[in-house]
Amino acid sequence: MVLDEPLYRRWLEENKESVTRPYTEELINGIPPKHSKPEDRPKWEKEKEDLNSRILSCIENMCNDGKRQGIIFLKHIAKHAPLFNFEKDCEMNCVPLEVDEERVHLTHKHLLLIRDPLQSLSSWNASNDVHNGNVTPNEVGIVNLLYIYANVTSKSDGSGIISVLDSDDLVSDPESIIFDLCKDLNIPYSDEMLHWEAGPKVCDGPWAPWWYNGVHKSSGWVRESNQVYRTLDPKLLPALRVSLAPYNFLKQLTHRYRSRGPPPSEIYEDPRNGNLLVYVGTPGRGRLVPREFAGVSPWDSSVQGGDATWEGIRVYRGKILSLERHLKRLFRSAKALGFQNVHSKEQIMEAIFQTLAANGMRDGAHMRLTLTRGEKYTSSMNPKFNVYGTTLIILAEWKPTQGKTTYDNVKGITLVTSAIRRNSPSTCDSKIHHNNMINNILPKIQANLAGASDALMLDLDGFVSETNATNVFMVEDGILHTPHADHCLPGITRETILVLAKELGIETNVRRISLAEFHAADEVFTTGTMGELTPVTMIDGRIIGDGKRGPVTTRLQESYSLLPERDGWSTPIPPFKDTE
């Protein structure tokens, strides 16, 4: 059985001074308009009953038909929500239901039907004859749907059952969407739900003729063949701005959104990464947001032209390794790029500590700091249009040094030489740790296609430079060699390894190195903040040494692992205070 907007009359009665409908007085008084048919009178009179009374009538009808259980579908309008007691699942001030002195047990399952507010508002003026152009967020309804969601999911008895359905999904794939919905609501699915007879329905409210003349022509879930492109009336923008955030949140609760990719269990190596908080903001105006809501403006320079600099930083046992050196390089890159109104060092460190604290990270974490030139006020490559200051993004993830998203630092990795040459200072200087990463991404694609872990990159003269993601070292006769940092980034981990090698009495040599020398090396390993030191066991099909991690690599790995506890190498993370 179906009840069509059973709280509408009461809502209209309470809002008649601010809301106008062509049937206002008739609905409030339960008297049909003059043009109505005599058989319509009971419908208008029925609207004066409260919600519980109407539900009780439905239950009595079911019992009279010999049914001891059934489904009553109540179609509400979101703006009527304040008239409903979500804690007791009834209309405000109504008593519990009883039939023949027997308490009726009702199981409420709430369904929220959402629609993109831009679509709703774009067609708003087409219904001016009904709502008289009364454009408010309450009329759009998305904010009220969020109110309903909050109330249902906050019920003290934990019985808040709710499903969210997007009208666009319903129209594009009605069969699977309705099937999933029925599963959520624990009701049987039928193909009959996909089709219906055209024309008015017995369950329609008495006001339906004013609203649904066009809809009554439909007989199934069919998208219009002729797409209508509408211009949004600027006066509707305030309602759109208020409505979009609740819509975006509720959209993420739909089946279609949640199944847009592999399940989290297949994506996240650590399940905690599905619930991260991300820092985003301009100087003095940053905030932490859940990962699914994190984003930057389409006018941000990182989006417009990859105009940003970045750093990767690791957290070990309550300390941040080499934080001072990473921040120094970040600011040098920002200066070389000519950034203006840049975050201060203190602001960035405060944002780092906030992010780590919010996510409860003190060990086994990796952060990616991105500092963009900031948001422009018009689309352009010209930095003079950047007037809001830099944008800081901090992505902190639970990420082990060895895992699916990093490398195997015991068994090692394989490399393949890329056909893409590492860019030189004459084109795009790698001393700037910039976000123009296409020179790195294309070789990585080659490595993926070749079944290798990473790609070895040569400079314009054919000498080895680095991999697409890391610096590279080789060992020959006990001497540690690494390429000059003229075509590559002089990595902080690379610099650290040269220091540790000296401490361990390992001779080092920074020079130009040919590919053939790497092919014939005794040991090869890569270095980077994310993966630390990773042995290379094969390059272009040539086995390096005996195909296993070498002794020099092992010694350096062991020395590197002790750095967080050594004086001068790390920055302590302040204590976190849990919510009490």
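Residues numbered from 1 in each chain as written. Predicted model: local features only at pLDDT ≥ 70, side-chain atom pairs only at ≥ 80, totals over all residues. Heavy atoms only, no water.

A. Expanded view of the packing of helix α16 (residues 323-336) against helix α19 (residues 492-503). Contact geometry for α16 and α19: axes closest at 11 Å, N-to-C directions at 135°. One element, α16, and the other, α19, form an angle in the oblique class. Read as a crossing pair, α16 and α19 show a hand that is right-handed. Residues R325, H326 and R329 of α16 lie in contact with α19, whose contacting residues are I492, E495 and T496. Its residues assigned to classes, the contact of α16 with α19 shows 1 nonpolar, 2 polar and 3 charged. (Axes fitted to C-alpha atoms, helices over the stretch in contact; angles between N-to-C directions. Helix = DSSP H or I, 4+ residues; strand = E, 2+ residues; numbered from the N terminus. Parallel < 35°, antiparallel > 145°, perpendicular 65-115°, else oblique. Left-handed = near helix turned anticlockwise from the far one by under 90°. Contact = heavy atoms within 4.5 Å. Nonpolar A, V, L, I, M, F, W, Y, C, P; charged D, E, K, R; others polar.)

B. Geometry of the sheet that holds strand β12 (residues 319-321). Strand order in this open sheet of 7 strands is β10-β9-β14-β13-β11-β12-β24, and the pairing throughout is antiparallel. Whereas interior strands pair on both sides, the edge strands pair on one side only; in this sheet they are β10 (285-290) and β24 (570-572). Geometrically, the sheet is characterised by an average inter-axis angle of 25° between neighbouring strands, direction not taken into account. Here 6 bridges tie strand β9 (residues 277-282) to β10, and the two strands are oriented antiparallel to one another. By the bridge assignment for β10, T282 is matched with R285. (Pairing = 2+ DSSP bridges.)

C. Here's a closer look at the packing of aromatic side chains. Tallying each qualifying case throughout the model produces 10 aromatic pairs. Aromatic side chains Y8 and W11 sit 6.2 Å apart centroid to centroid with 35° between the ring planes, which places their arrangement in the tilted category. Here W11 and Y8 lie together in helix α1 (residues 8-14), a separation of 3 residues that amounts to about one turn. Between Y377 and F385, the aromatic rings sit 5.2 Å apart at their centres with planes inclined by 80°, giving edge-to-face as the arrangement. According to the relative accessible area criterion, Y377 is partly exposed, its value standing at 47%. The buried category is assigned to F385, whose relative accessible area is 17%. In this structure an aromatic cluster arises from ring pairing among Y8, W11, Y23 and W207. When the ring centre of Y257 is taken as origin, the NZ or CZ atom of R260, which lies over that ring, is 4.0 Å away. Over the ring of W398 we find R272; its NZ or CZ atom is 3.6 Å from the centre of that ring. (Phe/Tyr/Trp six-rings, centres within 6.5 Å; stacked < 30°, edge-to-face > 60°. Buried < 20%, exposed > 50% of the residue type's maximum accessible area, 1.4 Å probe, protein only. Lys NZ or Arg CZ within 6 Å of the ring centre and 35° of its normal.)

D. Spotlight on the environment of P400. Summarising the element assignment, P400 is placed in the loop between β14 (391-398) and β15 (413-417). Expressed as a C-alpha distance, the spacing of P400 and M530, which sit 130 residues apart in the sequence, is 8.5 Å. Excluding anything up to four places from it in sequence, P400 contacts E269, R314, G364 and T406.

E. Here's a closer look at the nonpolar core. L145 and I148 are the most contacted members of the largest nonpolar core, which has 35 residues in total. At the level of secondary structure, the elements contributing two or more residues to this core comprise α1, α4 (51-64), β7 (110-114), α8 (142-153) and α12 (237-251). For this core, the element with the most residues is α8, which contributes 5 residues. In this structure, L145 is in contact with A78, L112, L113, I114 and L250, ignoring residues within four places of it in sequence. Grouped together as the second largest cluster of nonpolar side chains are 26 residues, I320, L327, I394 and W398 included. (Core = buried A, V, L, I, M, F, W, Y, C linked by side-chain atoms within 4.5 Å.)

F. Representation of the pattern of salt bridges. Under the defined criterion, the tally for this structure stands at 25 salt bridges. Salt-bridge contacts for D4 lead to K75; the nearest nitrogen and oxygen are separated by 2.9 Å. Taken as a pair, D4 in strand β1 (residues 2-4) and K75 in strand β2 (residues 73-75) lie far apart in primary sequence, 71 residues in all. Overall, the relative accessible area of 4% leaves D4 in the buried class. Connected via shared salt-bridge partners are R21, K79 and E139. (Salt bridge = Lys/Arg side-chain N within 4 Å of Asp/Glu carboxyl O.)

G. Representation of α4 within the structure. Look at α4: 20 Å from first C-alpha to last across 14 residues, which is about the 20 Å you get at 1.5 Å a residue. Between a side-chain oxygen at the N-terminus of α4 and the backbone nitrogen of N52 the separation is 3.2 Å; the capping residue is D50. (Expected span 1.5 Å × (residues − 1). Polar contact = N/O pair within 3.5 Å; in protein donor to acceptor, adjacent residues only side chain to side chain.)

H. A look at the pairing of strand β22 (residues 532-539). With 7 of 8 residues buried, β22 is to be regarded as a mostly interior element. The pairing of β15 with β22 spans 3 bridges and is classified as parallel. Considered in β22, the bridge of I413 is made with V536. Two elements, strand β21 (residues 523-528) and β22, share 4 bridges in a ladder whose sense is antiparallel. Among the inter-strand pairings, F525 is bridged to a residue of β22, identified as P535. Where β22 lies against strand β23 (residues 542-543), 2 bridges are found, and the strand directions are antiparallel. From the neighbouring strand, I539 faces β23, where its bridge partner is R542. What sits between β22 and β23 in their antiparallel hairpin is a turn of 2 residues, with D540 showing a positive phi close to 55°.

I. How the structure looks around helix α10 (residues 174-185). Along its 12 residues, α10 runs 16 Å from first to last C-alpha, staying within 8% of the 16 Å computed at 1.5 Å per residue. Taken as a whole, α10 has its buried residues at P174, I177, I178, L181, C182 and L185. For α10, the arc enclosing every buried residue in end-on projection is 135°, short of the 170-degree limit, so these residues lie on one face. Along its buried surface, α10 packs onto β7, β8 (162-166), α9 (167-172) and α13 (255-258). (Arc of directions from axis to C-beta.)

J. Here's a closer look at the environment of A150. In this structure, A150 sits in helix α8. The exposure class of A150 is partly exposed, given its relative accessible area of 37%. Along the backbone, A150 and F86 are 64 residues apart, and their C-alpha atoms lie at a distance of 9.8 Å.

K. Seen up close, the pairing of strand β16 (residues 454-458). Within β16, 5 of the 5 residues are buried, which leaves it mostly tucked inside the rest of the structure. Across 3 bridges, β15 lies against β16 in parallel orientation. Counted as the bridge partner of V416 is A455 from β16. Taken together, β15, helix α18 (residues 438-450) and β16 constitute a β-α-β crossover, and its handedness is right-handed. Where β16 lies against strand β17 (residues 464-467), 3 bridges are found, and the strand directions are antiparallel. Residue pairing for β17: M457 is matched across the bridge by E466. (Right-handed = clockwise from strand over helix to strand, strands pointing away.)

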